[in-house]
Structure formats: C-alpha cells, structure tokens
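Spelled out from the first residue to the last, the chains are:
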Amino acid sequence: MKQAVLISKQKIIFREVPRPTCGQNQVLIKIKRVGICGSDIHAYYGQHPYISFPIVQGHEFSGEVVEVGKEVQNFKIGDRVTVRPQLTCGQCYPCRHGNYHICNNLKVIGCQADGAAQEYLAVDQELVVPLPDELSYDLGALLEPSAVGVHAARRLGEIKGKKILVLGSGPIGILTAQAVKALGADRVMITDISDYRLRVSQECGLDFTVNVKKTDLGQALQAYFGPDSADGIIECVGTEDTVEQAIEHARKGTDIVIVGVFGSNPRVNLGFVQDRELRLIGSLMYKEEDYEVAIEFIRSQKIKVKPLISAHFKFEDYPQAYKYIEQNKERTLKVLIDF
Ligand SMILES: [Zn+2]
Ligand SMILES: [Zn+2]
C-alpha cells in the first residue's frame, strides 16, 4: 500500500509498504478521509513540541472496516468508522484514575505513532467509533476536533446559562464555541483577527463575533455581556497575545481554559493570575464520553462542521495540500484528504 511520510521539515515522501496485518483485537480500516489539523501544520514546519520526524501523520480520519480480528464482535466488514486516536499505557497514575487522555506514556496515532496518511490502518477495537448514517466520511473526519471542543467546554464545569468568551476562530475555536452553545451557555462571543474566519463562525451560527484588530476587546465584552463581563474564557490559539488577552480580560475569580498548542513559550502577566484569583486550566484532547457528545451534537446539527471545510485534495496530492494551506493561510480552515 501507499504511505505518506513526513521525513523532515516541509518534506513529505510516498513509499510503498506492506499492508498492516490485523491483530486479533483489531480492525483494519481502509482510510477514506484525513483532516489536516493545526498540530499537523506545526509538525510540518518542525515546530510541534511533541512530534518529531519521521512521522506518518493523520489523527483526524474516517474509513471503512475491511477486516476484523478474531476477538472483534462489535464491528463487521463494511462498517463506516472513525477512531479515537489515543494509545495509552493503562498503568500510570492518570490511566489508573480514569484520565487516560493525559496518560504519562500517551502516544497519539498520527503524532507519535503511524497515522492515517496511508491506505490502510489497523486499530484496536476499543478505539474504533462507529459513524451513524447521518455522518458522511467528511463529517466523520471532523469528529475528532469536535470532541476536542466538547472536552474544552466541559473543562469549565457547568456552563448552562453562562456567558463565555472563546478566543480564536480556527477550527478548534469554532468547534469549541459551538460546543459551549450546545451545552447550554447563555451567550458565546468568539474573536479573531481575520474577518474571513469570523464569517465562517457566523455560518456556524455563532452570531457574536469580534475582530480584535478593529474592536477593543474590553469594550466588546461590556457591550455583549454587560458590566459583569464573561463568566469563563477558552483560549484556542496558543499565542502570547491571546493568553495575555485572556488573563487581562478575565473577571476576578474566573476560569481560563487553555486549548491552544504553543509553538513557543509565551511571556504573560502571572501577577494578574495571583491578584485576581484566576484559574488557568489546561485541556488536552478528550475522553470517550466527549466523542459520544460530539457525535450527538453533529448529528443534531448543534455543531455544524461543513462550513469549516475549505478544500479537498487527493491522497496523491497530499504534499500540495500543505502548499495550499501555506499559500491560503487566511482563507483556510480545514483541508481534507480524499482516498
Ligand atoms: Zn487535531
Ligand atoms: Zn498511562
């Protein structure tokens, strides 16, 4: 089968390798779609703190089951599926306490283990998630980032009736803001510095958008949320500017969830965190239950993912997809690879 490998900075090669064998506890998936994610792009430029070369990328994907292992009962040939790409040890402290998503030995398929940028992938049955009929392969490939959004929103605790600010209108920001809304927030504001991305947010039903290059964030918060401002903030970019915005604008005693992946270490005012009793809460990936909620939200269209799809490329043109993203940075959200 054909496999695409990122071997060094901005260099993807194709090679011919044997088809993976399907273990007793595994299903073999014929890959149909792979989504290119912000963290894939960091890795492509050699800027991801936890991904190194060579790597077969692809952790957001969907496909069809073409073989099942002897011990597999819940899947059959022809099933349409996606995968929760978390390889965990089951032994470490977080694993023993139900927090396998922050396993000390976590390997993410497509980040630290071979991913879906190849024609077939064998995956343990526990990680395979069936796609309901309403979810096409396109939507199936967007389940993973949607689950990131659901998990991030839930890190704020109960958000029913609350006013939430989401910083950043990349795919994760837009999906997180929709998850916040779907979980019952009263009002959601989303920011960016690109009118294009804010327009896509609006297409997804996020009606209060702010371009922080043109509008003062503090004033926008007062105007939309009133004098008490936001009840919680979710940072979905991973830059010094946006973390600083979060810390500066958080109401005293509130929570800030950090979802963005940082290419470099930000310098921020931790004095405000101390003086205002702010809480900085990390958010990494998701758990199985976040997938379940994400499926339900996509199925019921509380989370809309279609407006996020900017372009499709054929698997043979995988390297061109990265070139396209580079040349169309301002107008690209999610690029899908079709097999
Ligand atoms: Zn991703
Ligand atoms: Zn573990």
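Okay, so let's go over this structure. The structure displayed is predicted, hence computed values, not measured ones.

Secondary structure summary: the protein chain contains 11 helices and 17 strands in total. Relative to the 2.2 N^0.38 estimate, which gives 20 Å for 339 residues, the radius of gyration of the protein chain is 20 Å and therefore close to what a compact globule would have. Viewed in the frame of its principal axes, the protein chain has a C-alpha envelope of about 60 × 45 × 35 Å. Counting all 339 residues of the protein chain, 55% fall into the buried class. Just so you have it, the protein chain exposes about 15300 Å², and 47% of that area is on carbon and sulfur atoms. Across the protein chain, the centroid of the 40 positively charged side chains sits 1 Å from that of the 42 negatively charged ones.

Scanning the model with the defined rule gives 12 salt bridges in all. With a shortest N-O distance of 3.4 Å, arginine 299 and glutamate 296 are connected by a salt bridge. Placement of the pair is arginine 299 and glutamate 296 together in helix H10 (residues 288–299), with a separation of 3 residues, close to one helical turn. Residue arginine 299 is classed as partly exposed on the basis of its relative accessible area of 36%. Among the charged side chains, a salt-bridge network with shared partners connects Arg33, Asp138 and Asp338.

In this structure, arginine 251 sits in the loop between helix H8 (240–249) and strand E14 (255–258). Remark: the alpha-carbon pair of arginine 251 and aspartate 138, spanning 113 residues in sequence, is separated by 39 Å. The residues touching arginine 251, leaving out its near neighbours within four places in the chain, are Asp228, Ser229, Ala230, Asp231 and Leu278.

What follows is about the coordination of the zinc ion (ligand 1). Surrounding the zinc ion (ligand 1) are the protein donor atoms Cys37 (SG), His59 (NE2) and Glu60 (OE), which sit 2.1 to 2.5 Å from the metal. On the basis of relative accessible area, cysteine 37 is assigned to the buried category, the value being 11%. You can call glutamate 60 buried: its relative accessible area is 1%.

Across the 5 residues of strand E8 (residues 120–124), 4 count as buried, placing the element largely inside the fold. Strand direction decides the pairing type here: strand E3 (residues 26–36) and E8, joined by 5 bridges, are antiparallel. Its bridge partner lying in E8, leucine 28 is registered against alanine 122.

Before going further, it helps to spend a moment on the sheet that holds strand E11 (residues 187–192). Taken together, 6 strands build an open sheet; the order of strands is E12-E11-E10-E13-E14-E15 and the sheet is parallel. The sheet is open, and its two borders are formed by strand E12 (208–211) and strand E15 (279–282), each paired with just one other strand. Going across the sheet, the axis of each strand differs from the next one's by a mean of 20°, ignoring polarity. Of the strand pairs in this sheet, E11 and E12 are connected by 4 bridges, and their pairing is parallel. When the sheet's bridge partners are listed, isoleucine 190 is paired in E12 with threonine 209.

In this section: the coordination of the zinc ion (ligand 2). Protein-derived coordination of the zinc ion (ligand 2) comes from Cys89 (SG), Cys92 (SG), Cys95 (SG) and Cys103 (SG), at a distance range of 2.3 to 2.4 Å. Here the donor residues of the zinc ion (ligand 2) are spaced in sequence according to C-x2-C-x2-C-x7-C. An identical accessibility class is assigned to cysteine 92 and cysteine 95; each is buried.

Looking now at the packing of helix H4 (residues 143–154) against helix H5 (residues 171–182). One way to put it is that H4 packs onto H5 with a least axis distance of 8 Å and a crossing angle of 55°. With respect to H5, the axis of H4 lies oblique. The handedness of the crossing between H4 and H5 comes out as right-handed. Contacts from Pro145, Ser146, Val148, Gly149, Val150, Ala152 and Ala153 in H4 reach Ile172, Leu175, Thr176, Ala179 and Val180 in H5. A class-by-class count of the residues in the contact of H4 with H5 yields 9 nonpolar, 3 polar and no charged.

Now for unusual backbone geometry. Note that the residue after phenylalanine 53, namely proline 54, is joined by a cis bond; omega there is -10°. Positive phi, close to 50°, is recorded for glutamate 277, a residue that is not glycine. If you trace the backbone, glutamate 277 turns up in the loop between helix H9 (270–275) and E15. According to the relative accessible area criterion, glutamate 277 is exposed, its value standing at 61%. The phi torsion at methionine 285 lies on the positive side, around 50°, for a residue other than glycine. Here methionine 285 is to be found in the loop between E15 and H10.

We now examine the packing of H4 against H10. Closest axis-to-axis distance for the H4/H10 pair is 8 Å, and the angle between their directions is 110°. By the angle between their axes, H4 is roughly perpendicular relative to H10. As H4 runs across H10, the sense of the crossing is right-handed. Packed against H4, whose contacting residues are Leu143, Glu144, Ser146, Ala147, Val150, His151 and Arg154, the element H10 presents Glu289, Asp290, Tyr291, Val293, Ala294, Ile295, Phe297 and Ile298 at the interface. Within the contact of H4 with H10, the residues separate by chemical class into 9 nonpolar, 2 polar and 4 charged.

Reading guide: rules and limits
- Residues numbered from 1 in each chain as written.
- Chains lettered and ligands numbered in written order.
- Predicted model: local features only at pLDDT ≥ 70, side-chain atom pairs only at ≥ 80, totals over all residues.
- Heavy atoms only, no water.
- Helix = DSSP H or I, 4+ residues; strand = E, 2+ residues; numbered from the N terminus.
- Rg over C-alpha atoms; globule rule 2.2 N^0.38 Å.
- Buried < 20%, exposed > 50% of the residue type's maximum accessible area, 1.4 Å probe, protein only.
- Areas by Shrake-Rupley, 256 points an atom, 1.4 Å probe, with all protein chains shown as cover.
- Lys, Arg positive; Asp, Glu negative; His and termini not counted.
- Charge placed at Lys NZ, Arg CZ, Asp CG, Glu CD.
- Salt bridge = Lys/Arg side-chain N within 4 Å of Asp/Glu carboxyl O.
- Contact = heavy atoms within 4.5 Å.
- Donors = N, O, S within 2.8 Å, 3.2 Å for Na, K, Ca; no water.
- Pairing = 2+ DSSP bridges.
- Axes fitted to C-alpha atoms, helices over the stretch in contact; angles between N-to-C directions.
- Parallel < 35°, antiparallel > 145°, perpendicular 65-115°, else oblique.
- Left-handed = near helix turned anticlockwise from the far one by under 90°.
- Nonpolar A, V, L, I, M, F, W, Y, C, P; charged D, E, K, R; others polar.

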